[in-house]
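Each chain is listed here by its residues.
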Amino acid sequence: LVSSRHFGLSHGIGRSGDITEPQPKAAGSSALAKLALCLALDAMRRGSGLDARTAAAHGILLPLCTGMSMSLVLSSLRDGISSEEERQKRDIVLWSRIDQKSCYKAILSAGMTCVVIPTKLDPENTDEVVTDLDAMERALKENEGRVLAVITTTSCFAPRIPDQIDEVGKLCMKEDVCHVINNAYGLQCKKTCKLINRACTVGRVDAIVCSTDKNFLVPVGGAIVVSPKDEVIRNVGKVYPGRASASPIIDLFITLLSMGLEGYSGLLSERNRLLPKFEQKFSEIAEKYGERILHCPRNTISFGITLDTLTRGGGDLSEDETLKKKVSKEITYFGSMLFTRCVSGTRVVPRGESKTMGNDKFIGFGSSTEKYGNPYMTAACAIGLGEDECDEFFARLDKAFKDFFAKRKKDDAKKAGS
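All values derive from a computational prediction rather than experimental measurement.

Calculation criteria
- Residues numbered from 1 in each chain as written.
- Predicted model: local features only at pLDDT ≥ 70, side-chain atom pairs only at ≥ 80, totals over all residues.
- Heavy atoms only, no water.
- Helix = DSSP H or I, 4+ residues; strand = E, 2+ residues; numbered from the N terminus.
- Rg over C-alpha atoms; globule rule 2.2 N^0.38 Å.
- Buried < 20%, exposed > 50% of the residue type's maximum accessible area, 1.4 Å probe, protein only.
- Contact = heavy atoms within 4.5 Å.
- Areas by Shrake-Rupley, 256 points an atom, 1.4 Å probe, with all protein chains shown as cover.
- Lys, Arg positive; Asp, Glu negative; His and termini not counted.
- Charge placed at Lys NZ, Arg CZ, Asp CG, Glu CD.
- Pairing = 2+ DSSP bridges.
- Axes fitted to C-alpha atoms, helices over the stretch in contact; angles between N-to-C directions.
- Phe/Tyr/Trp six-rings, centres within 6.5 Å; stacked < 30°, edge-to-face > 60°.
- Right-handed = clockwise from strand over helix to strand, strands pointing away.
- Parallel < 35°, antiparallel > 145°, perpendicular 65-115°, else oblique.
- Left-handed = near helix turned anticlockwise from the far one by under 90°.
- Polar contact = N/O pair within 3.5 Å; in protein donor to acceptor, adjacent residues only side chain to side chain.

(A) Representation of the overall build of the protein chain. Scanning the protein chain for helices and strands turns up 13 helices and 14 strands. For the protein chain, whose C-alpha radius of gyration is 23 Å, the value lies close to the compact-globule estimate of 22 Å for 418 residues. In the protein chain, buried positions account for 53% of the 418 residues. For the protein chain, restricting intrachain contacts to residue pairs at least 6 apart in sequence, the fraction spanning at least 24 positions comes to 73%. Summed over all atoms, the accessible surface of the protein chain reaches about 19000 Å², with 52% contributed by carbon and sulfur. In the protein chain, the 58 positive side-chain charges and the 53 negative ones have mean positions that sit 4 Å from each other.

This is the structure in structure tokens:
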């Protein structure tokens, strides 16, 4: 059974000195890995729209999740510094805050210190959480000579929007600091890919890390790293310790051969076709229950709606721990209702939550900023979503709201009678 599952390709890929080197004892998996990379790069260039001359000029497939791939990239950038003294000094990574744990832990796993750059609320009258370029520039000045890289993010949950990677790229070029983009599931969005192309043209971009499962519908466990610089990609291959499992590469190879460019482009087109309907239906359900859709026009994958009517409390939650816990319980209970109705992938975010990672405390965890004004939930119109699934999701969301308020009414009546 195991032999059949792996098509007899038990030796894996790469050699102990370089994951990209062909292995004489495993000619089949070595050739397959090269072909899979060619197919993936072609899908990224002709399907997603990344520029073959810059952003997707060179690439490497890794049998690792996005976070571990990010850690490997950081290690390779540090090892690429020729001077031992300079290499020891460059121990800080600036990270534009995004409330997902993987990237933060990737920085620590690479043996570096993470300096979290706060975000800010968009001053242009939207609900968006945006890059704080002034804070980024200050951090570069304060840690001058010690910053190895800046990590930005282009795929994120609303109300966070893609970082201003073109402007950050200019700062990195000016300060001679590496720039790594976490583009975990951004290949499905043409707007994001155009932004990456622009960043590579007007500023500095050293590496772009993308997930294979989130972009190409394969099982979790693979990533593709692309770069305008061949040297960066070669160094990533050399830093990987030992040989690697071929399984994630085989899954990607089979999937890309099965879909072809036409099939992949068709999935991207279908997602774009469903976007207006997804946003409209989300907005209609929100309004039906006294909520509103979050206005985040620069995030065209993830959408959010407020959950203000689900809470009975308000005011400054930071001043009242009892109220904070009560409100948080109400919001998270709604999330559990969605889960028990087999709705996965949504996120519910209460106000005032905090979480500690490493030496950093993240206030307002989940919203990527300290004082977001509303509790909310998010859902994504992602690649692979079909129209029937879209309709079913909104039917279940509608029922979850209805059941939540019916239960509240029943509980209130019980309390009044006791």
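(B) Local environment of the sheet that holds strand β2 (residues 92-96). Here seven strands make up an open sheet; going across it, the order is β1-β9-β8-β7-β6-β2-β3 and the pairing mixed. Each edge of the open sheet carries a strand with a single partner, namely β1 (58-62) and β3 (113-117). Strand after strand, the sheet turns through a mean of 20 degrees between neighbouring axes, direction not considered. Note: strand β6 (residues 147-153) against strand β7 (residues 178-182), five bridges, orientation parallel. Looking at the pairing, Thr-153 lines up with Asn-182 of β7. Strand contacts of helix α10 (residues 230-239): β1, β8 (207-211) and β9 (223-227), with the helix running at about 20 degrees to β1, the strand carrying the most contacts.

(C) Broad picture of the sheet that holds strand β11 (residues 347-349). Strand order in the open sheet formed by three strands is β10-β14-β11, with antiparallel pairing between adjacent strands. What marks the edges here is a single partner per strand, and that holds for β10 (302-306) and β11. The sheet shows a mean angle of 25 degrees between the axes of neighbouring strands, taken without regard to direction. Packed on one face of the sheet, helix α11 (residues 247-288) meets β10 and β14 (376-380) and runs near 10 degrees to β10.

(D) Highlighting the packing of aromatic side chains. Enumeration according to the criterion identifies 20 aromatic pairs in this entry. Ring centres of Trp-95 and Phe-362 lie 6.2 Å apart, and the angle between their planes is 70 degrees; on these two criteria the pair is classed as edge-to-face. Of this pair, Trp-95 sits in strand β2 while Phe-362 sits in strand β13 (residues 360-363), and the two are 267 residues apart along the sequence. For Phe-362, a relative accessible area of 3% gives the class buried. Taking 5.6 Å as the distance between ring centres and 40 degrees as the angle between the ring planes, the aromatic pair formed by Phe-278 and Phe-303 counts as tilted. Residue Phe-278 is located in helix α11, and its partner Phe-303 is located in strand β10; the two are separated by 25 residues in the primary sequence. Given a relative accessible area of 1%, Phe-278 falls into the buried group.

(E) Geometry of the pairing of β8. For β8, the tally of buried residues reaches five of five residues, placing the bulk of the element in the interior. Neither face of β8 is left uncovered, since the one carrying Ala-207, Val-209 and Ser-211 and the one carrying Ile-208 and Cys-210 both have all their residues buried. On the question of chirality, the crossover connecting β7 to the parallel β8 by way of helix α8 (residues 190-202) is right-handed. Direction of pairing for β8 relative to β9: antiparallel, over a ladder of four bridges. Bridge pairing in β9 links Cys-210 to Ile-224.

(F) Examining the packing of helix α2 (residues 27-48) against α11 more closely. In contact at an axis separation of 9 Å, α2 and α11 are set at 20 degrees when each is read in the N-to-C sense. If you check the angle between α2 and α11, you find them roughly parallel. With respect to the hand of their crossing, α2 and α11 are arranged in left-handed fashion. For the pair formed by α2 and α11, the contact residues are Leu-32, Ala-33, Leu-35, Ala-36, Leu-39, Ala-40, Ala-43, Arg-46, Gly-47 and Ser-48 on the first element and Ile-249, Ile-250, Leu-252, Phe-253, Leu-256, Leu-257, Leu-261, Tyr-264, Ser-265 and Leu-268 on the second.

(G) Geometry of the side chain of Glu-128. With respect to the secondary-structure elements, Glu-128 resides in the loop between β4 (120-121) and β5 (129-130). At 2.5 Å, the side chain of Glu-128 forms a polar contact with the side chain of Arg-298. When near neighbours in sequence (up to four residues on either side) are disregarded, Glu-128 contacts Lys-120, Leu-121, Asp-122, Pro-159, Ile-161, His-295, Cys-296, Pro-297 and Arg-298.

(H) Layout of the pairing of β9. Within β9, five of the five residues are buried, which leaves it mostly tucked inside the rest of the structure. Residue alternation in β9 divides its side chains into two sets, Ala-223, Val-225 and Ser-227 and Ile-224 and Val-226, and both sets are buried.

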